[in-house]
Amino acid sequence: MPESLFDFPAYTAGYGLSNGHFQTVFPHMFRRIKVPFQRTRLELEDGDFLLLDTLAQENKAAPWLVISHGLEGSTDAQYVHGIAKVFYAHGWSIQAWNFRSCGGEMNRLPRFYHSGSYDDLKQVIAHVEKTCGAEKIFLAGFSMGGNQTVLALADQQLPESVIGGAAYSVPLDLTASAHQLRLPAQRIYMSRFLKNLKPKIEYKARQFPRLISATGYDEIKDFHLFDQRYTAPLHGFDSALEYWRHCSSKPVLKKLRKPTLIVNAQNDPFLSHDCKDCRLRDRSKNLHMEVPLSGGHVGFARWRINQPLWTEMRALSFAHNLIAGRI
């Protein structure tokens, strides 16, 4: 068993912080971390672009952290700035990136992003290699970005510069996660996602009226209807179910090419049991999965909310163990 799994304490919630919903919402509402990212635009071969936020060390030989945010998030998310601040303080350069249509500017093409669109993550990795001369790259992903990160770490064409990664609150089984978010207890989250996606659909409907319509959008109440109507056809899938099956990261856990830390809390309100089962019979030796009792969804809060969180220090420990050759 790798030493790294023993040299870092498991997450435990502080007094009054054990509720999964509270752990999910508390950091989002009250954390205030800010790092001085420099924004650039990465032009893509298909005519679209990505918005990149970079924080580089003066030391050109520094290792790089590439951060992928979650559904309808951006590089402005507190968990992005939090992990960036911790890694940068320990000598890492940072490359955070926004999914297409995220970061404050709509993308050009009809497509935008989805749980399996890690092709853009690969282009960000290639950019960091070519433009920044990165020789060691560690990936960190949260929620949907975690799913993309896991898929990338199983890709047979993954660059050798990528040494591994950490993924938090990962919807390993997209079908089960979509059903989980249909439950009444999760209705507030589902409503928020759909509300945030509505302006984007309306924008694209005006931009591409022959492909996209926003008529009847308010009748959509869950991800099955949204993905069936928009995500699947815009990204080449026959149905929402095909999209979920094709893009779930759980089937690739047996194919991981680089050491991968996955942390899914048992009380995560977004994830079903299928996303928290670490007793997998068919798994790669590179999989390091932790399922703490609590943490919520991309939460793992502490009362001193503006201090480094457990997730950030856990990822840093895992990355440093990789560089030291202990994993």
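Above this note sits the structure.
Residues numbered from 1 in each chain as written. Predicted model: local features only at pLDDT ≥ 70, side-chain atom pairs only at ≥ 80, totals over all residues. Heavy atoms only, no water.

Right, let's get into the overall build of the protein. Tallying secondary structure elements over the protein gives nine helices and eight strands in all. Its C-alpha radius of gyration of 19 Å places the protein within 12% of the 20 Å reference for a compact globule of 327 residues. Seen along its three principal axes, the alpha-carbon backbone of the protein occupies a region of about 55 × 45 × 40 Å. Buried residues in the protein amount to 59% of all 327 residues. A fraction of 76% describes how many contacts in the protein between residues 6 or more apart in sequence connect residues 24 or more apart. Carbon and sulfur atoms provide 52% of the accessible area of the protein, an area that totals close to 14,700 Å². (Helix = DSSP H or I, 4+ residues; strand = E, 2+ residues; numbered from the N terminus. Rg over C-alpha atoms; globule rule 2.2 N^0.38 Å. Buried < 20%, exposed > 50% of the residue type's maximum accessible area, 1.4 Å probe, protein only. Contact = heavy atoms within 4.5 Å. Areas by Shrake-Rupley, 256 points an atom, 1.4 Å probe, with all protein chains shown as cover.)

Among the residues of helix H7 (residues 223-234), Phe223, Phe226, Asp227, Tyr230, Thr231, Ala232 and Leu234 are the ones counted as buried. On the buried face of H7, the contacting elements are helix H5 (174-180), helix H6 (187-207) and helix H8 (240-247). Measuring from the side-chain oxygen of the N-cap residue of H7 to the backbone nitrogen of His224 gives 3.1 Å; that N-cap residue is Asp222. (Polar contact = N/O pair within 3.5 Å; in protein donor to acceptor, adjacent residues only side chain to side chain.)

Okay, the side chain of His81 next. With respect to the secondary-structure elements, His81 resides in helix H2 (residues 78-89). Setting aside anything within four residues of it in sequence, one finds His81 in contact with Ile33, Lys34, Val35, Phe37, Thr75 and Asp76.

The sheet built from eight strands is open, its strands ordered E1-E2-E4-E3-E5-E6-E7-E8 with mixed pairing. Edge positions in the sheet fall to strand E1 (38-43) and strand E8 (287-290), since each has one partner strand and no second. Direction aside, neighbouring strands of the sheet carry axes that sit 20° apart on average. Bridge analysis of E1 against strand E2 (residues 49-55) gives six bridges, and the strand direction is antiparallel. (Pairing = 2+ DSSP bridges. Axes fitted to C-alpha atoms, helices over the stretch in contact; angles between N-to-C directions.)

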